[in-house]
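# Chain and residue survey
For reference, the chains in residue letters:
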Amino acid sequence: MKEFKCLEGPEVACHVAYPYSHPQTIQSGDMAWLEHSLLFLFKQPRDFGAKLWNGSYYRFEPMGKGFIGHAQAIDLNHISAPSSTPNIPPYLADLRVDVSPKERWIDHLLIE
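Remember, predicted model here, so these are calculated numbers, not experimental data.

Definitions and cut-offs
- Residues numbered from 1 in each chain as written.
- Predicted model: local features only at pLDDT ≥ 70, side-chain atom pairs only at ≥ 80, totals over all residues.
- Heavy atoms only, no water.
- Phe/Tyr/Trp six-rings, centres within 6.5 Å; stacked < 30°, edge-to-face > 60°.
- Buried < 20%, exposed > 50% of the residue type's maximum accessible area, 1.4 Å probe, protein only.
- Salt bridge = Lys/Arg side-chain N within 4 Å of Asp/Glu carboxyl O.
- Helix = DSSP H or I, 4+ residues; strand = E, 2+ residues; numbered from the N terminus.
- 1 Å grid on protein atoms, 1.4 Å probe; cavity = no way out; pocket = protein on both sides within 12 Å on 5 of 7 lines; lining within 4 Å.
- Points joined across faces, edges and corners; volume = space filled by probe spheres on them.
- Nonpolar A, V, L, I, M, F, W, Y, C, P; charged D, E, K, R; others polar.
- Pairing = 2+ DSSP bridges.

## Section: the packing of aromatic side chains
Within a pair of aromatic rings, the relevant descriptors are the distance that separates the centres and the angle that separates the planes. Taken as a whole, this structure holds four aromatic pairs when the rule is applied. When the centroid spacing of 5.8 Å and the interplanar angle of 85° are considered together, the rings of Tyr18 and Tyr20 count as edge-to-face. A relative accessible area of 23% places Tyr20 in the partly exposed class. Through a chain of ring-to-ring contacts, three or more aromatic side chains come together here, namely Tyr18, Tyr20 and Trp33.

Rendered as C-alpha cells:
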C-alpha cells in the first residue's frame, strides 16, 4: 500500500493517487481525468486510520485564465478494484454529491 501525502489543519486531507492507468487527457468541457488525478480523503486529526468513504472529488470549471475545482463528496471504496471500462472515468455525476462551501477544510482547488 502506498503512503498517503497529507496536509494537516482543521481536518487531515490526504491525496489519493488514482491507482489505475487512464488516458490522462483533458479537453474543453471534460476535465474528468484531471479531476480523477486530484482525489483526496479527509478525516479529523483525532481519528486513526484512513476512512475511504470520506473522499473528496474536485469538479473543475474555467475561471479567468485558470480553473477552480469545487469539492464534492465521493466514496473512494468505489475504486478499490479496477473498472471493467478503464477509459471511462468511474466517478460520474451520479456518484458525487455537492459539498456546501466551508463544509470541508479544503473546499476548492485553484489551477492558475
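So much for the structure itself; the text now carries on.
## Examining the pattern of salt bridges
For the structure on display, the rule yields three salt bridges. Glu11 serves as the salt-bridge partner of Arg104, at 2.4 Å between the closest nitrogen and oxygen. A residue pair is termed long-range when its members are at least 10 positions apart, and Arg104 in the loop between strand 6 (97-98) and strand 7 (108-111) and Glu11 in the loop between strand 1 (5-8) and strand 2 (12-16) qualify at 93 residues. Across this residue pair, the class does not change: Arg104 and Glu11 are buried. We note a salt bridge from Glu103 to Arg104, for which the minimum N-O separation is 4.0 Å. What emerges from the salt-bridge pattern is a single network uniting Glu11, Glu103 and Arg104.

## Considering empty space enclosed by the protein
Counted under the stated rule, the structure contains one cavity of 30 Å³ or more. Roughly 40 Å³ of volume is contained in the largest cavity. Lining the largest cavity are Glu11, Ala13, Phe40, Phe42, Ser56, Tyr58, Arg104, Trp105 and Ile106. Mapped onto the lining of the largest cavity, the elements with two or more residues apiece are strand 3 (39-43) and strand 4 (55-63). Considered class by class, the residues forming the lining of the largest cavity number six nonpolar, one polar and two charged.

## Remarks on the pairing of strand 2
Counting buried residues along strand 2, four of its five residues qualify, which places the element largely inside the surrounding structure. The pairing of strand 1 with strand 2 spans four bridges and is antiparallel. From the neighbouring strand, Leu7 faces strand 2, where its bridge partner is Ala13.

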